[in-house]
Amino acid sequence: MPNFEDLRKEAAERIAQAQDLSDLNQLRVQYLGKKGKVQDLMKNMKNLSKEEKPQFGKDVNALKQHVASRIEEKREELAESEMNMRIEREKIDITLPGRRQTAGNLHPLHIVTQELEDLFIGLGYQVIEGNDIVDDEYCFERANIPKDHPARAMQDSLYIDENNLLRTHTTAIQMKVLEQAAPNLPIKVVCPGKVYRRDDDDATHSHQFMQMEGLVVDRHITLADLKGTLEFLARKMFGQDRQIRFRPSYFPFTEPSVEVDVTCHICNGKGCPTCKGTGWIEILGAGEVHPNVLRMAGYDPEKCSGFAFGVGIERIAMLKYGVDDIRHFYTNDKRFEETFKRFE
Amino acid sequence: MLISRKWLSQYMDISDLSIEEIADRVTSAGFEVENVYKLSQGTNLVIGHVEECYDHPNSDHLHCTKVNIGSEIVPIVCGAPNVAAGQNVIVALPGAKLPGGEIKEGVIRGEASNGMICSLLELGVDPHTLSEEQKAGIEELPADAPVGDHDPLGYLGLDDEVLDISLTPNRSDCMSAFNMAVETGAILDRPVTLPDYAHAADGGKPTQLHVASETKICPHFMGKVIGKITIKESPKWMKELLSASGVHSINNVVDISNIVMLETGHPMHFYDKDAIKDQEITVKDGFDTDYTALDGVTYHLEPQDAVITNQGKPIGIAGIMGGDDSKILDTTSGLIIECANFNHVAIRNTSRRLNLNTDASIRYQKGIEPLSCQKAMDRAVQLLKEYADADEIEETVEYGSDGYRPKTVTCTLADLNGRLGTDFTFEEVCDVFKRLRFEPEANGDQIICHIPSYRTDIEGKADLSEEVIRLLGYDRLPSTLPLMEMTEGKLNPKQRMIRQTREIFTAQGLQDCITYTLVSTEKKDNAILGIKDPIELSIPISEERRWIRTSILPSLLDVVAYNHAHSIKDVNVFELSDVSATCGACTHLAFVLSGSLQSTRWLDYDVPADFYTAKGIVEEWLDRIGINARMVSYVVNKKDTEHFHPYRSAEIHVGKKCVGLLGQIHPKYAKTTDTKDVIMAEIDFDALFDVKKSKIKFKPVSKYQSVSRDISFVIKRTVPAEDIIREIRKNGKLNKENIIRDVEIFDVYEKAPLPPTVKSVALSILFQAENRTLKDQEVNDVFDQIVAALEKKFQIELRK
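Just so you know, the residues in each chain are numbered from 1, in the order the chain's sequence is written. Written order determines the labels here, with chains lettered from A and ligands numbered from 1. Per-residue local features are limited, in this predicted model, to residues with pLDDT of at least 70; the limit for side-chain atom pairs, both in listing and counting, is 80 or more; totals at the level of whole chains, interfaces and linings are taken over all residues.

**Things to note about the overall build of chain B**
And then number 1: Only DSSP runs of H or I with at least four residues qualify as helices, and only runs of E with at least two residues qualify as strands; both kinds are numbered from the N terminus onward. Broken down by element type, chain B carries 21 helices and 45 strands.
And then number 2: In terms of C-alpha radius of gyration, chain B reaches 43 Å, well past the compact-globule figure of 28 Å for 800 residues.
And then number 3: Exposed residues have 12 or fewer other C-beta atoms within 10 Å of their own C-beta, buried residues have 20 or more, and residues in between are partly exposed; the C-beta atoms are placed from the backbone. Considering chain B as a whole, with its 800 residues, one finds that 41% of them fall into the buried category.
And then number 4: For chain B, the proportion of contacts with a sequence separation of at least 24, taken over those separated by at least 6, is 68%. The reference for a compact globule is 2.2 Å times residues^0.38; the radius of gyration itself is calculated from the C-alpha atoms. Residue pairs are scored as contacts if the distance between their C-beta atoms, which are placed from the backbone, is within 7 Å.

The structure is reproduced here in structure tokens:
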């Protein structure tokens, strides 16, 4: 009579020792196959009595199931350990750099221009641009700077012929805007653009630079309105705690004219090298539009008034980011440009 | 403009104010004080007398002295080579603070030293005003100097403090000390008393002098003969004021001409009477001759220059500089005074051309007030009488007139407050006008201001409002926002498309750049897609900045070359900018790729800067700005094979129009631009802006299965891929519906064993119907139809 218990033990031992799935498959054939050891037991059937046969059959079946379930358990165990090994083999160095899709970024002067544009769009201003080349009538005469005016000596211009030049200030755009709009009110525009002067390029001068001017004309626009507007601008560009102050100045196209200072954003007005110890930084020029300018454009200065201001984009960018040389903006060194990659 | 405490103190009491306070207040009223300085510095000083002086026993250059300082005799060791017994000197006593530090009692090499004998340099005096001897040694005071006096700087007149004021162009009237004093008084709100010199030049003996002008440049000329004067040293006050203004004292007569110019702002010229023949002076132009002026330099006079002449010969360059022949000498015994007005533009032009700026020309260029001719003449005669014993004074002769008409400006309080946004009172405003000597007159609610002759800047109410706010103070200006009807803030469509384009290009890895508009002739000649007829500056800044560019790429290639030269390999840049020519301005977009656009080397990940990367960038951009891909084609570049590699570049066409060029740089052009194999493009942005773009419209996504079929064939190498795709798309009709959704090329093979005339192309075609799932047979039919068309058109050979 075969010893079921021995066979069961032997099978269990060998299953337990199986190293991998193919070992286990061999064992399945050896024990459970058609010519396997368990099937072999059935050969003993013929030697058994009729009474013994059912019990024997049951015992063989039980053994068969037992071995099969041992094999299944082992198979799961092996599959899991094989997956674990695979996972381990698949280990990567997560500190290696990623496959990066590098984006470029806007030029810092465009960042500042857009920021200013958006700020004024939010206040209801339209953005108007113009051509680099302008008629000197719009660049000077209309801005109340007649041909022999001393202010002409302040800016040496780049003429292309007797009447046309590269604009020396974005005021030239405003004069067109005014003329085209007259006599309609209100006017509320900002005019960004490139401007040109006969200057040798150095750390603080550039023959080409960018300005943005703002112009508001309506029935009762006051110098106090200008102050409120510029306070808004100073706070948006340099921080909520900024104060501004007006100092009297002179521009032919505004009267009164003012230079506008903002409390230093580096030292909060205490005095530091950036503000040369004064606590204040000059950021722009502005004023009430000169009556002559309104008159020449076709408005009656008795019936309307306005303010105008002009910002140097480079100046704002230099102050905001601490850039020490204006030429950086036009060299387009990749390392300089990438400084302005992140959003702020 | 330099004005000192002593200058101002002549006209008003400012003894209670520090110079810094004055500077602050003047600055905040529109007169920016750029610098404040003292003529000299030093505390605890005394005038001493050197009683004894002998060589220091332990030194080869020091001296030991005994100095009488009035109250006692102190020992001082002194290193100056010129110190000697018997001199009167300036002594800094222990505790004195000098620019170089504090003086202490001490022992120098064994000898007691209780102070220092000073040079003016050590007292902080500007070295430019000192002689070499003064700079090298101690200052020797006159023999009658008051020994024991504790204010040697005051004794020397060096105790002044100077304001260096930057005048705005509209206030050049304040180049006159009188006017600056009135202004300062108005700002500080205190009374100002100017010298009374009106009518001082009235009267006189009959004269032979004849003055005239034969040029428009000189509309007004006054002359006067002073028959007798005495040349001598100027009075102390005059020397001090000149020194505070940076002017050297010469003699009383020359100093008077200078002091009158500083006081009234009007330059005048004194001629030696004997040097002017026939007592005739005429202003002329039309010369073309060389002339040697007072400074010994020979200048070439041109016809447009105004010249002062005597008997037809130049004796001075009008308004700029006199001549050597007629200048005041120590022997001069009589004068002819010239006091004239000249056109400021003419003087500016002559002065610029000759590169000759004098105190006179600077004042004439800025414009002289109409009445100052008379003022200067009166003041000069007054001073000459008082300080140069002027006698035998003849009557004034005059050519032309001052053309002055008194000016009034009328405003109301509402005008002023309305412009400013303030609520100043009638009294406050009138007080400002009084301080400014506008003599305000109230007439109902109107204020009539009588504007002084020198305030040529005051023309209307707006100007008055500025006077009010700057004198009452900008700190009283409220802060409000404009109260007006609602306006829409916005960008126009082109501005929006520019922003979108910058965003799309940066998102694809390109850097936004700004380069200069002005370029060299070489760059102008290498314009790519340049517009016709470039514009040249009439006076270029330099060769590099001569032309207004018609194309961006040459400048952008410079950026690439610059970065390459700085070891930056991957340079991918773009610029969107206006370009201009005679016909007007338009907007271009240019970009350059070099190295890799994207790369992670350890992963072998690389998006190379090649034609197809550049084309992909353009495709993505056009797609996103709404230009339908079906309108766009890439055509063999015939337009510009000088700058582009002829077989690796394309014209970009939208509809039938060529809108741009794209491709690899021509190796020859690459050499001249210091760039290698870069890929570049220049595109007419305006042309793309003008293309009508369709609106976004949602189309339901088909619910039905799509079917894909691959096809691979051999075809003539010269057939462009685009033609193949177009032919396939054309033949996708099933009944009336085109069921082709997409055609994708997934392989192109051109190498052996294929013969060189052909290539193998493999494509995948995606079929889908709108409203049902396609049957196999239907797809096969269409597919066969496509194959047949390709066979017919291109003689393709299918690969199985």
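That shown, we press on.
**Here's the deal with the UniProt feature "binding site: Mg(2+)" (unreviewed entry) in chain A**
And then number 1: Under the UniProt annotation, "binding site: Mg(2+)" (unreviewed entry) lies at Glu255 of chain A.
And then number 2: Apart from residues lying up to four places away in sequence, Glu255 of chain A is in contact with Gly287, Glu288 and His290 of chain A together with Ala462, Asp463 and Glu466 of chain B. UniProt positions are given in the numbering used here, feature names are shortened, and annotations may be inferred rather than shown by experiment.

**Observations regarding the sheet that holds strand 4 (residues 164-166) of chain A**
Adjacent strands of a sheet pair through backbone hydrogen bonds, lying either parallel or antiparallel.
And then number 1: Spatial strand order, 2-4-3 (chain A): three strands in an open sheet with antiparallel pairing. Bordering the open sheet on either side are strand 2 (133-135) and strand 3 (158-159) of chain A, each of which pairs with just one other strand. Two strands pair if DSSP finds at least two bridges between them.

**Topic: the UniProt feature "domain: B5" (unreviewed entry) in chain B**
And then number 1: If you check UniProt for "domain: B5" (unreviewed entry), the listed places come out as residues 404-479 of chain B in our numbering.
And then number 2: The span residues 404-479 of chain B carries 39% helix and 20% strand; its end-to-end C-alpha distance comes to 41 Å.

**Looking at unusual backbone geometry**
And then number 1: The amide bond that connects Leu185 of chain A to the next residue, Pro186 of chain A, takes the cis arrangement and shows omega of -5°.
And then number 2: Mapped onto the elements of the fold, Pro186 of chain A is located in the loop between helix 7 (171-181) and strand 5 (187-196).
And then number 3: A cis amide bond links Ala752 of chain B to the next residue, Pro753 of chain B, at an omega of 5°.
And then number 4: Here Pro753 of chain B shows up in the loop between strand 43 (740-749) and strand 44 (758-767).
And then number 5: Here the phi dihedral of Asn355 of chain B falls at roughly 50°; this positive angle occurs in a residue that is not glycine.
And then number 6: In this structure, Asn355 of chain B sits in the loop between helix 8 (344-353) and helix 9 (359-366).
And then number 7: Backbone geometry at Gln795 of chain B places phi at a positive 50°, although glycine is not the residue there.
And then number 8: Locating Gln795 of chain B in the fold gives a position in the loop between helix 21 (776-794) and strand 45 (797-798).
And then number 9: Taking the number of C-beta atoms within 10 Å as the measure of exposure, Gln795 of chain B has 12 and is therefore exposed.

**Details of the domain arrangement of chain A**
And then number 1: Domain segmentation is taken from an automatic or database assignment of domains. Taken domain by domain, chain A holds domain 1 (4-90) and domain 2 (108-343).
And then number 2: A straight line from the C-alpha centre of domain 1 of chain A to that of domain 2 of chain A covers 91 Å.

**Things to note about helix 4 (residues 52-89) of chain A**
Residues and elements named next belong to chain A.
And then number 1: Between its first and last C-alpha atoms helix 4 spans 55 Å; for 38 residues at 1.5 Å apiece the expected length is 56 Å, and the two agree.
And then number 2: Burial in helix 4 covers these residues: Val60, Leu63, Val67 and Lys74.
And then number 3: Where helix 4 is buried, its residues touch helix 1 (4-17), helix 2 (21-32) and helix 3 (37-41). What a helix is expected to span follows from its residue count: subtract one and scale by 1.5 Å.

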